[in-house]
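Notes for the structure review
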Amino acid sequence: MEQNYEKIIKALERNKMRGLYAESKAQAVEMVKEMLFDGCTITTGGSVSLEECGVWDLIHDPRYRFADRNRAGLTPEEKEEILRSNVGVDFFFCSTNAITENGELINIDGFCNRIAAISFGPKRVVMIVGKNKIVPTLEEGFLRVKKIAAPKNCVRLNLDTPCAKLGHCVSLERTDRPLMTDGCNSDRRICCSYLVSAQQRIVDRITVILVNEDLGY
């Protein structure tokens, strides 16, 4: 497993992303703490991984300026404004739906604020990624999205979609349509847009902390 992490970190570096290894969730939190500075601005994507590893609690520290879209009492308009506030922030925290051994990041999104921020806007993107999200190839990554990430997140968010009921994407029951972007016609579909992050132009803008524990979906 250690050799596999080393391989992925080297692949991330070839893709001009920074790869770090954390033996535990606690170590990942300490790594994040070292990156932050007093008064830094922070936004996030929706992420079970951030909550499970403890980064979510860390970024709520009053030393940092965290725009929390889940804060109690927000109006729909205020929440949407936070979703649009990613441009120019110091840090955007999230996870990834899958990471390949070739250092590629696979993400899907419904509202698309998360994949927009991964692509452009925040000065730094920091991803906390559990070992359960490592896949050998892009094809396996897309299958992981359809079999695990999308269905489980739809259940978590109480979205009335076919995958929430079936436990997998409805496209996997077909053989005559493209695999990657095919899906349901639900208004609550969570996989409206797909993003594959390969080689980057801005060196080390994206940091991936690989954690030797299972995290999120």
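It should be noted that the structure appears before, not after, this text.
Residues numbered from 1 in each chain as written. Predicted model: local features only at pLDDT ≥ 70, side-chain atom pairs only at ≥ 80, totals over all residues. Heavy atoms only, no water.

Describing the layout of surface pockets
Put simply, the largest pocket is a space of about 900 Å³. Together, 35 residues line the largest pocket, and R69, D109, R156, L157 and I190 are the ones closest to its centre. Per-element accounting of the lining of the largest pocket gives the leading share, four residues, to helix 5 (residues 76–83). By residue class, the composition of the lining of the largest pocket is 11 nonpolar, 13 polar and 11 charged. (1 Å grid on protein atoms, 1.4 Å probe; cavity = no way out; pocket = protein on both sides within 12 Å on 5 of 7 lines; lining within 4 Å. Points joined across faces, edges and corners; volume = space filled by probe spheres on them. Helix = DSSP H or I, 4+ residues; strand = E, 2+ residues; numbered from the N terminus. Nonpolar A, V, L, I, M, F, W, Y, C, P; charged D, E, K, R; others polar.)

Here we look at the sheet that holds strand 1 (residues 18–22)
The strands that make up a sheet are held in pairs by hydrogen bonds between backbone atoms, and each pair lies either parallel or antiparallel. On the basis of which strands lie adjacent, the open sheet formed by six strands has the order 1-10-7-4-2-3 and parallel pairing. What marks the edges here is a single partner per strand, and that holds for strand 1 and strand 3 (65–66). Across three bridges, the pairing between strand 2 (residues 41–44) and strand 4 (residues 91–94) is parallel. Bridge pairing in strand 4 places I42 opposite F91. The strands that helix 2 (residues 25–35) touches are strand 1, strand 4, strand 7 (124–130) and strand 10 (206–211); relative to strand 1, the one it contacts most, it runs at about 140°. (Pairing = 2+ DSSP bridges. Contact = heavy atoms within 4.5 Å. Axes fitted to C-alpha atoms, helices over the stretch in contact; angles between N-to-C directions.)

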